[in-house]
Amino acid sequence: MFMDFRDQPPPPPWQPKQPDRRPALNVRQQKMLAVVAAINILLLLVAPIGGATLISALLAWLS
């Protein structure tokens, strides 16, 4: 079978699809990320105080 392609423009040059660098987060993932970040910031402030309290309690218990 003959197909006449004289009236058709040539196709655009082929280029591979570029993968997304980072997939977008949905709303649930954004909320979970905010909760995890808040817990980490809270522990960043509380953990040294709690560690010092445990060390002083351990020293008081041993002496």
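Residues numbered from 1 in each chain as written. Predicted model: local features only at pLDDT ≥ 70, side-chain atom pairs only at ≥ 80, totals over all residues. Heavy atoms only, no water.

A. Spotlight on the environment of valine 46. Its location among the elements puts valine 46 in helix α1 (residues 27-62). For the pair valine 46 and arginine 21, spaced 25 residues apart in sequence, the C-alpha to C-alpha distance is 36 Å. (Helix = DSSP H or I, 4+ residues; strand = E, 2+ residues; numbered from the N terminus.)

B. View of the environment of glutamine 18. Among the structural elements, glutamine 18 can be located in the segment before α1. For glutamine 18, a relative accessible area of 66% puts it in the exposed group. Remark: the alpha-carbon pair of glutamine 18 and valine 36, spanning 18 residues in sequence, is separated by 31 Å. (Buried < 20%, exposed > 50% of the residue type's maximum accessible area, 1.4 Å probe, protein only.)

C. Main features of α1. Given a rise of 1.5 Å per residue, 36 residues ought to cover 52 Å, and the 50 Å separating the end C-alpha atoms of α1 matches this to within 8%. The largest bend along α1 reaches roughly 35 degrees and is located at valine 46, with the proline proline 48 sitting one to four residues downstream. For α1, the capping residue at the N-terminal end is asparagine 26, with a side-chain oxygen 3.3 Å from the backbone nitrogen of arginine 28. (Expected span 1.5 Å × (residues − 1). Bend = angle between axes of the 7 residues up to and from the residue. Polar contact = N/O pair within 3.5 Å; in protein donor to acceptor, adjacent residues only side chain to side chain.)

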